[in-house]
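# Close look at the chain arrangement
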Amino acid sequence: MSTPDAPATTDAPKEPTFRYTPALAQQIEQRWQDRWEERGTFHAANPTGELTGPAGGAAQGDPFFIMDMFPYPSGAGLHVGHPLGYIATDVVGRFRRMRGDNVLHALGYDAFGLPAEQYAVQTGQHPRVTTEQNIATMRRQLRRMGLAHDPRRTFATIDPEYVRWTQWIFLQIFDSWYDAEAVRPDGGRGRARRIAELAEELAAGTRPVPGHDGDNSGGAVWRALSTQEQRDVLDAQRLAYVDESPVNWAPGLGTVLANEEVTADGRSERGNFPVFTKSLRQWKMRITAYADRLTDDLALIDWPEKVKAMQRNWIGRSTGAQVRFDVVGTTDHDAAGAAQTLEVFTTRPDTLFGATFMVVAPEHPLLDEVPGAWPEGTRDAWTGGYASPAEAVAAYRREAAAKTAVERQADAGKKTGVFSGHLAVNPLTGTSIPVFTADYVLMGYGTGAIMAVPGGDARDFAFAEAYDLPVVHTVLPAEGLPEGHEGAWTGDGVVVNSPAEGQDAPLELNGHDVATAKAATIAWLEDTGVGAGTTTYRLRDWLFSRQRYWGEPFPVVWDSDDRPVALPASMLPVDLPDVPDYAPRTFDPDDVDSAPEAPLGRDEDWVNVTLDLGDGPKTYRRDTNTMPNWAGSCWYYLRYLDPTDGSNDGAVVDPELERYWLGPKHNPTSGPAGGVDLYVGGVEHAVLHLLYARFWHKVLYDLGFVTALEPFGKLFNQGYVQAYAFTDARGAYVPAAEVEGDEQAGFTWQGEPVQREYGKMGKSLKNVVTPDEMYAQYGADTFRVYEMSMGPLDLSRPWETRAVVGSQRFLQRLWRNVVDEETGEVTVTEAPASDATRRVLHRTIAEVTAEMEGMRPNTAIAKLITLNNHLTSLDAVPREAIEPLVLMTAPVAPHVAEELWERLGHPESLAHEPFPVADPRYLVEETVTCVVQVQGKVRGRVEVPPSISDADLEAAALAEPNVVKAIDGRAIRKVVVRAPKLVNVVV
């Protein structure tokens, strides 16, 4: 008798129904994200107006304003490196909210930009369509991350209402001038005032007329000017004005380039086209008027010192003296004649006795006329091989004109230059010194001329050595030059050779220190009328025009006299027109005489317009330039405060809302300058964005629209998530996710050896990991915990997908400490916790609170893991211990924390629950000091309980900040634990 075959069976165990898996995590996360949105859980309540808190609640607690640097919505979407700062600010915001603060946290989109315009040129698709698609992708990815933003306050810089206010701010700047003597509300001197006030004072005669000689008492000089001349005077004083400016012009691209877009060879970074210096009429902003305030007010804000130093260096405030050198005139050798002067600025007037030659920029007007023949004493090395100064200078000017400012500075080490044939008289020594031209001196900086002191400046010494020019040391160490020293001495010391032995001079500086010698020299210069003490700046006015399509149009029109006329606020926004082609016109790459033709100029009906601006209908011409993409990011923090235009009474922000969220000392941690309480972003924006935003804010402050002295009170620069990439024998990149092996065995792809490199993530490197992949494989909470536990926020760190499982295990253990995986029932006990558990709990509360306040989520997570492991070791988990753990976990893993909180019997979201507070009775505990070594060297110490487990001690050691720095992202081979006194990490 036969029997039927037995059914097939499998030995694989069935996964418990209620295990915290990626699938369950996704269900929980999406459900809670929907609930938060429906309930308005993260609505920030304004103290006035229509924006209230959850369920219409009023503003309660201290205002705390958190911001991320404006993201640009890329078509590629996010990779796992992008959210690091966003998650960090979310953790801080959730923590502060649980500590009782009224937290404002929102995110908008910096949506004007070159990538969308380039895509439009390639495809013909309008940049707005591309940008809005990219925003939708990014918004989905960020929402899925569980960020606690107030969605009512989001916007994009391309939104018509936002463009309207950007243009409105431009008009306020255009309608202002800087009065250096006016007193500000903060007691300082110098502020922006309305241009109408300047006109009134000129008409009343209380102020001289700029650019016009004569006594303006009673307004006599002003009244003598025509209406158009008066307009010219006022327009020249505006904070936003039009001026001729040298720019980087690439005919092959048909566009002007920023310095950063030009290579060291003087070619375009994109396309490798030649770039020429060309003078064009451009909009500028008079940021230089604010140079002192932008420098001095850095002392009022809590920023990283390296960022402050970068801003100070960019502004480049220098104190010294302006010195006038007479240019020798002889009928034989100086066609320009006598009585010319050459003015220089020097920070070291004390070194005048050592000035043995001078250098002027090729564009300097002194070179417009030069001697017809070489003067006596001219050396062959100075002439460049030319028969006359005129030939030499003309040839050198042609050569310099083909270079950009960037290229000229890069080539400074080549020591190129020629003698101009001019001789100048050193005012202290009375000796004649040669005047050279060299392209490392730029006309746009200082006076376009320098006095060269080769004994005290390395670059001057190199030039002197190349051209056989004399070297005079004027400052030397008291004990003499170090043995073997050659070249310039740039250190401190005492003044020598000032004057030289046997030299007759009107000033004696020898033996003085530098400071005393500087003061004495400046006093002599001022007494004799050949110079004066002064302050100069490296900062130049902000070039504000772009010959592009995708940007904010200027809210001005040009009248029949080609003068700018501001549009009234009622005509804003000025929208971009449709154009047949988004690309600027291109030319032959070597056509240096070509000029930009902006895309906006192709819509004649838009450019030429008839308007009634108060004096009847007239024909005007619109400006075909657009604002730079910096414009929208200069003021976006204000839009988060007041995005509805409901109560701001014709101004960019409601004054009451600005005082509440930004005003000086608006909360216990806000400083005297006020501003955003926490601004997080990359250090790459340390100068331009932050400097431009500070400038705009200060203009708005001067005009009475804001009360904060600075826009950003506290700045934090996060590090970067970097990644390994792999190349095969051909040097081609292979998919990083498919590479196998380790440091010891080597790495292979499809069985072939590959080389590993470390750096950025990118599609071309085939090492991109997206948040979407992490959501699917692990869930958003695991992704968040991993990003926050990788190391200190301000350091860069390597991404390692395989390491994410550690964060997943923490959340799975936390889940099992509350929920039975088989039944889904809550398993916590109502019995009181033991004293030992209470000591662990309350020490964890105290430590986690301190770590969160210090923005150290990585070490906070390590302490949460230690507490969680302790609870796992108990026979039953007490409610009084697990509930505080769930609350403390909420900032980093909010979805699973919400779910557990609800299962523990709480119907309301924990987002506004009080953060646990440590009971001091349980903080007194005997501890021992554990020494942590990396590669056998002591790198840190941690205080731990004597009874700590090996696993908990390892976690605490690896989270110690100095240990993290010592490991520096390297792979850990093994960890040797000798609890409770020693941990050794082998990398």
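These figures come from a predicted structure and were not determined experimentally.

How each quantity is defined
Residues numbered from 1 in each chain as written. Predicted model: local features only at pLDDT ≥ 70, side-chain atom pairs only at ≥ 80, totals over all residues. Heavy atoms only, no water. Helix = DSSP H or I, 4+ residues; strand = E, 2+ residues; numbered from the N terminus. Buried < 20%, exposed > 50% of the residue type's maximum accessible area, 1.4 Å probe, protein only. Contact = heavy atoms within 4.5 Å. Areas by Shrake-Rupley, 256 points an atom, 1.4 Å probe, with all protein chains shown as cover. Lys, Arg positive; Asp, Glu negative; His and termini not counted. Charge placed at Lys NZ, Arg CZ, Asp CG, Glu CD. Pairing = 2+ DSSP bridges. Axes fitted to C-alpha atoms, helices over the stretch in contact; angles between N-to-C directions. Salt bridge = Lys/Arg side-chain N within 4 Å of Asp/Glu carboxyl O. Phe/Tyr/Trp six-rings, centres within 6.5 Å; stacked < 30°, edge-to-face > 60°. Lys NZ or Arg CZ within 6 Å of the ring centre and 35° of its normal. Polar contact = N/O pair within 3.5 Å; in protein donor to acceptor, adjacent residues only side chain to side chain. Parallel < 35°, antiparallel > 145°, perpendicular 65-115°, else oblique. Left-handed = near helix turned anticlockwise from the far one by under 90°. Nonpolar A, V, L, I, M, F, W, Y, C, P; charged D, E, K, R; others polar. Arc of directions from axis to C-beta. Expected span 1.5 Å × (residues − 1). Right-handed = clockwise from strand over helix to strand, strands pointing away. Core = buried A, V, L, I, M, F, W, Y, C linked by side-chain atoms within 4.5 Å.

### Some thoughts on the overall build of the protein chain
Scanning the protein chain for helices and strands turns up 29 helices and 33 strands. In terms of its C-alpha atoms, the protein chain occupies a principal-axis envelope of roughly 130 × 80 × 70 Å. Counting over 987 residues, the protein chain shows a buried share of 53%. Considering only residue pairs separated by 6 or more positions, the protein chain has 70% of its internal contacts joining residues 24 or more positions apart. Of the roughly 42,400 Å² of accessible surface on the protein chain, a fraction of 49% belongs to carbon and sulfur atoms. The centroid of the 92 positive side-chain charges in the protein chain is displaced by 4 Å from the centroid of its 138 negative side-chain charges.

### Considering the sheet that holds strand β21 (residues 617–622)
Neighbouring strands of a sheet are bound in pairs by backbone hydrogen bonds; such pairs are parallel or else antiparallel. Overall, antiparallel pairing links the four strands, which are arranged β19-β18-β21-β20 in an open sheet. Each having just a single partner strand, β19 (564–566) and β20 (608–612) make up the two edges of the open sheet. Put simply, the sheet's adjacent strands are angled 50° from each other on average, direction ignored. Where β20 meets β21, five bridges bridge the pair, whose relative direction is antiparallel. Bridged to D612 within β21 is P617.

### Quick word on the pattern of salt bridges
Think of it this way: side chains of opposite charge can pair up when their charged atoms draw near. Tallied over the full model, the rule gives 57 salt bridges. Residues R152 and D150 are paired through a salt bridge, measuring 2.8 Å at the closest nitrogen-oxygen approach. By relative accessible area, R152 is classed as partly exposed at 25%. With a relative accessible area of 1%, D150 lands in the buried category. When salt bridges that share partners are traced, they join D179, R193, E197, E201 and R207 into one network.

### Brief notes about the packing of aromatic side chains
On inspection of all chains with the given rule, the structure shows 50 aromatic pairs. Geometrically, the ring pair formed by F419 and F436 is tilted, given 5.7 Å between the ring centres and 40° between the ring planes. With F419 in strand β11 (residues 418–425) and F436 in strand β12 (residues 432–437), the pair connects residues that are 17 residues apart, well separated along the chain. Measuring from ring centre to ring centre gives 4.1 Å for Y679 and F712, while their planes differ by 25°; the resulting arrangement is stacked. Remark: F712 occurs in the loop between α20 (688–702) and β23 (715–717) and Y679 occurs in strand β22 (residues 678–681); sequence separation between them is 33 residues. A relative accessible area of 0% means that F712 is categorised as buried. The ring of F64 has R96 lying over it, and the distance from NZ or CZ to the ring centre is 3.9 Å. Note that R622 overlies the ring of W606, its terminal NZ or CZ placed 5.3 Å from the centroid.

### Observations regarding the side chain of R784
Along the chain, the position of R784 falls in helix α22 (residues 780–789). Exposure remark for R784: the relative accessible area of 0% places this residue in the buried category. A polar side-chain atom of R784 sits 2.7 Å from a polar atom in the side chain of D90. Other than its neighbours up to four places away in sequence, R784 contacts I87, D90, V91, R94, M145, G146, L147, P891, V892 and P894.

### Some points on the packing of helix α24 (residues 835–853) against helix α26 (residues 879–889)
Two numbers describe how α24 lies on α26: the axes approach to 10 Å, and their chain directions differ by 15°. By the angle between their directions, the pair α24 and α26 is classed as roughly parallel. Crossing of α24 over α26 shows left-handed handedness. Between α24 and α26, the residues in contact are T837, R838, L841, T844, I845 and V848 and E880, A881, P884 and M888, respectively. Tallied by class, the residues present in the contact of α24 with α26 amount to six nonpolar, two polar and two charged.

### As for the environment of D603
Positionally, D603 belongs in the loop between β19 and α16 (604–607). D603 has contacts with P577, D578 and V579, leaving out every residue within four places of it along the chain.

### Observations regarding unusual backbone geometry
For residues that are not glycine, phi is negative in most cases, and the peptide bond is trans in most cases. Between S498 and the following residue, P499, the backbone shows a cis peptide bond with an omega angle of 5°. Within the secondary structure, P499 is located in the loop between β15 (494–495) and α15 (514–528). For the bond from A979 to P980, the omega torsion is 0°, close enough to zero to count as cis. Position of P980 relative to the elements: it lies in the loop between β32 (974–978) and β33 (982–986). Positive phi is not limited to glycine here, since D468 has a value of about 55°. Even without a glycine there, the phi angle at Q935 is positive, about 55°. The class of Q935 is partly exposed, set by a relative accessible area of 43%.

### Notes on helix α28 (residues 950–959)
Buried within α28 we find D952, L953, A957 and A959. Along the axis of α28, the buried positions cluster into a sector of 165°, meaning they face one direction only. Packed against the buried residues of α28 are α25 (857–872), β30 (928–934), β31 (937–944), α29 (961–967), β32 and β33.

### What about the side chain of D642?
You can see D642 is positioned in the loop between α18 (636–641) and α19 (655–662). Although D642 is buried, it forms no salt bridge, and the closest oppositely charged side chain is R639 at an N-O distance of 6.3 Å. Engagement of the side chain of D642 in a polar contact is seen with the backbone nitrogen of D654, the distance being 2.9 Å.

### Regarding α25
The terminal C-alpha atoms of α25 lie 22 Å apart, and with 16 residues this matches the ideal 22 Å at 1.5 Å per residue to within 8%. Counting buried residues along α25, 13 of its 16 residues qualify, which places the element largely inside the surrounding structure.

### Focus on the pairing of strand β1 (residues 63–68)
For a regular strand, side chains alternate in direction, first toward one face of the sheet and then toward the other. Of all six residues in β1, six are buried, a share of seventy percent or more. In β1, alternate side chains face the same way, and those of P63, F65 and M67 on one face and F64, I66 and D68 on the other are all buried. Summarising the sheet, β1 and strand β2 (residues 102–105) pair through four bridges and their orientation is parallel. What sits directly across from F65, in β2, is L104. Remark: the β1/helix α2 (residues 83–98)/β2 crossover connection has right-handed handedness.

### Describing the nonpolar core
One finds F65, F170, F544, L638, W696, W799 and I882 to be the most contacted residues of the largest nonpolar core, which totals 178 residues. Element by element, the count of residues in this core is highest for α20, at ten residues. Those residues within four positions of I882 in sequence are excluded, and the remaining contacts are L814, N817, V818, V828, L871, V877 and L904. Counting residues in each nonpolar core, the second largest holds 29 residues, with V327, V370, A517 and W524 among its members.

### Some thoughts on the pairing of β20
Here β20 shows a buried face lined by V609 and L611 and an unburied face lined by N608, T610 and D612. Counting the residues in the hairpin turn of β20 and β21 gives four residues, including G614, whose phi is positive at 110°.

### Quick notes on the packing of helix α3 (residues 114–123) against helix α4 (residues 127–144)
At a closest axis distance of 8 Å, the pairing of α3 and α4 adopts a crossing angle of 125°. In terms of orientation, α3 and α4 fall into the oblique class. The handedness of the crossing between α3 and α4 comes out as right-handed. Taking contact as the criterion, the partners of A116, E117, Y119 and A120 in α3 are, on α4, P127, T130 and T131. Split into classes, the residues belonging to the contact of α3 with α4 amount to four nonpolar, two polar and one charged.

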